[in-house]
Amino acid sequence: MKSFFTILVALITLTVLEGCKKDFLDRPPQDQLIAEVFYQTAEQVRAGTAPLYNIVWFDYNDKAALSFGDARGGNMISNDRDPFYKFAVASTDVNTLLPAYKSFYKIIAQSNQTMLNIKNNATAVDQSVKNGAIAECRFMRAMGYYYLVSNWGAVPIIYDNSTQMADLSITRNTIESVWQFIIMDLTYAAKNLPATAFQDGRLTKYSAEGMLARMYLTRAGLNSTGTRKQSDLDSAKLLAADVCHNSPNQIEKNYADLFKSANHNSSHNNPESLFSLQWMPIKDPWGINNSFQAYMARNGDITGSWDGWGAAHGCSANLIKYYIDHPADSNRRKATFMFNDDFYPEIRKDLGGYHYTANEIANTKKYIIGSVADNGGKGSEMCEYINTYMLRLAEVYLIYAEAILGNSSSTSDAEALKYYNAVRQRAMPGVTPATSITFDDIFQEQRIETVFEGKYWYDLLRLYYFNPTKAKSIINAQDKGAYTLTHNTGTESPRQYTVTYNTIVYPVTDQTIYLPLPEAELVKAPNLAKEPVAFDFSKIKD
């Protein structure tokens, strides 16, 4: 079976055939003649969907993932991402805002075009193969819209590149319409993806069911006040249950091992992954590589090279307070952030390990994997050898628990407790299992479990949908000021720290919950400023 690397090389070769345009993988292929030649076998059809797993996501992963999900969520302190947690992002921002917006529409456009190529040209290919490939496209398209609606609210639904991409008169569609479109695409994906991936790292029906459970759980609160829509909660529960009970995926025993490339398989995927971006250990073409460590590692002492520019990025004061108050959660903490005096034997093994001595900020550890030598010689500068989780089985466990809880104030349901405790006890071995849980219990567990995975803002938005007052109160109480943190020498198990805080908060409002549309897009398509309209679903066929 060919690897993603081999398939992407084939796709790169195809780009040369299409006219040697450097930006081919940044846009849908337009040359129908080449598409007719290429989509002739099952292998070629499957190769056609491979770029949807990395290059179209590069601008999201490069800077936007943490800016949107963790800076806005209050998990991150930074010297250049501060407009996001200050809720002061300018529409003219071309470093993160505009590239991310365009990235999500690249994902959508590439998905649309690949689907069209398959439908029009793969006439000799088995229908089940075509349906599976189209399901991959629709899953990815749904993900593009999920990030768009969660960050900008109402946005245009683009389903036909040939007629819509050049239409500058296009207007936005309502938030309700976008959510309906997302649910529709993921439902198709869940019905048509295989139960077992034909290639490591590819989507399965459990990937789609897990993601669909997240979407139903979120949409359940849309346009409600306090009480979420029961039918959506029931759908989330049913889908998450199937993943929890029947998926071949497994929970990683040691939380820290999730973020070490040595503990992944030959395609650097972990069994806990339901959907991960599949990065290559090379930088040509640019965009198939994972640049996370280059920006987030404290310095070159960690990477062993000239990258490592993350000295000013790290844990927010708000999260510091959580970790100080919950010393039993030290395993997750150490795997996520470096505290003063921490030691990591897996980083810079050539020097006997890495001793972290800084105390002015707790820098990033999650996804920081060290030098090329630490990772079997794979990767390079701006190109770390690890994939990016987009959905892990642990999150589905918590989705299942929350869907069971539903609108109740608490639950002692055995299933909800089983899966909630599985996540909690993995993080804190020996902790007393919970016998009753509330929304706040699950919500906090979701936050700490997925810190710096670009996710917490979307949990806050889920809460905002049905309880905006509570969501804003959580955000408005977050300390986002500077601090110093020093390990008190001689204290271990648990460690004690001296922390000084320079407390500062940045309130969010109903007007700043969503990001501004990029000015460059508004200039090209001024109708985006108009009031959104309901999408006409009769235009498309499911």
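Residues numbered from 1 in each chain as written. Predicted model: local features only at pLDDT ≥ 70, side-chain atom pairs only at ≥ 80, totals over all residues. Heavy atoms only, no water.

Remarks on the overall build of the chain
1) Next: Scanning the chain from terminus to terminus reveals 21 helices and twelve strands.
2) Next: The C-alpha atoms of the chain give a radius of gyration of 23 Å, which matches the 24 Å a tight globule of 542 residues would have.
3) Next: For the chain, the spread of C-alpha atoms along the three principal axes comes to 70 × 55 × 50 Å.
4) Next: Looking at the 542 residues of the chain, the share that counts as buried comes to 61%.
5) Next: Nonlocal contacts in the chain, meaning residues at least 24 apart in sequence, comprise 72% of its contacts between residues at least 6 apart.
6) Next: Carbon and sulfur atoms make up 52% of the accessible area of the chain, which amounts to about 20,300 Å² in all.
7) Next: Taken together, the 52 basic and 57 acidic charged side chains of the chain have centroids lying 2 Å from each other. (Helix = DSSP H or I, 4+ residues; strand = E, 2+ residues; numbered from the N terminus. Rg over C-alpha atoms; globule rule 2.2 N^0.38 Å. Buried < 20%, exposed > 50% of the residue type's maximum accessible area, 1.4 Å probe, protein only. Contact = heavy atoms within 4.5 Å. Areas by Shrake-Rupley, 256 points an atom, 1.4 Å probe, with all protein chains shown as cover. Lys, Arg positive; Asp, Glu negative; His and termini not counted. Charge placed at Lys NZ, Arg CZ, Asp CG, Glu CD.)

Structural notes on unusual backbone geometry
Generally, phi is negative for residues other than glycine and the peptide bonds are trans, each holding for most cases.
1) Next: Following Asp-284, the chain continues to Pro-285 via a peptide bond in cis, the omega torsion being 5°.
2) Next: Note that Pro-285 resides in the loop between strand 2 (273–277) and helix 12 (292–296).
3) Next: Omega for the peptide link from Ser-493 to Pro-494 comes to 0°, which places this bond in the cis form.
4) Next: Among the structural elements, Pro-494 can be located in the loop between strand 11 (483–487) and strand 12 (497–501).
5) Next: A positive phi is found at Ser-493, a non-glycine position, where the angle reads about 50°.
6) Next: Here Ser-493 is to be found in the loop between strand 11 and strand 12.

Brief notes about the packing of aromatic side chains
1) Next: Scanning all chains against the criterion turns up 44 aromatic pairs.
2) Next: Their ring planes at 50° and their centres at 6.2 Å tell us that Tyr-85 and Tyr-506 sit as a pair that is tilted. Of the two residues, Tyr-85 sits in helix 5 (residues 82–85) while Tyr-506 sits in the loop between strand 12 and helix 21 (519–524), which places them 421 residues apart along the sequence. Neither residue differs from the other here; Tyr-85 and Tyr-506 are each classed as buried.
3) Next: Judged by centre distance (5.4 Å) and plane angle (75°), the rings of Tyr-145 and Phe-181 are edge-to-face. With Tyr-145 in helix 7 (residues 127–152) and Phe-181 in helix 9 (residues 175–192), this residue pair connects regions lying 36 residues apart in the sequence. (Phe/Tyr/Trp six-rings, centres within 6.5 Å; stacked < 30°, edge-to-face > 60°.)

Interpretation in functional terms is not warranted from these geometric data alone.
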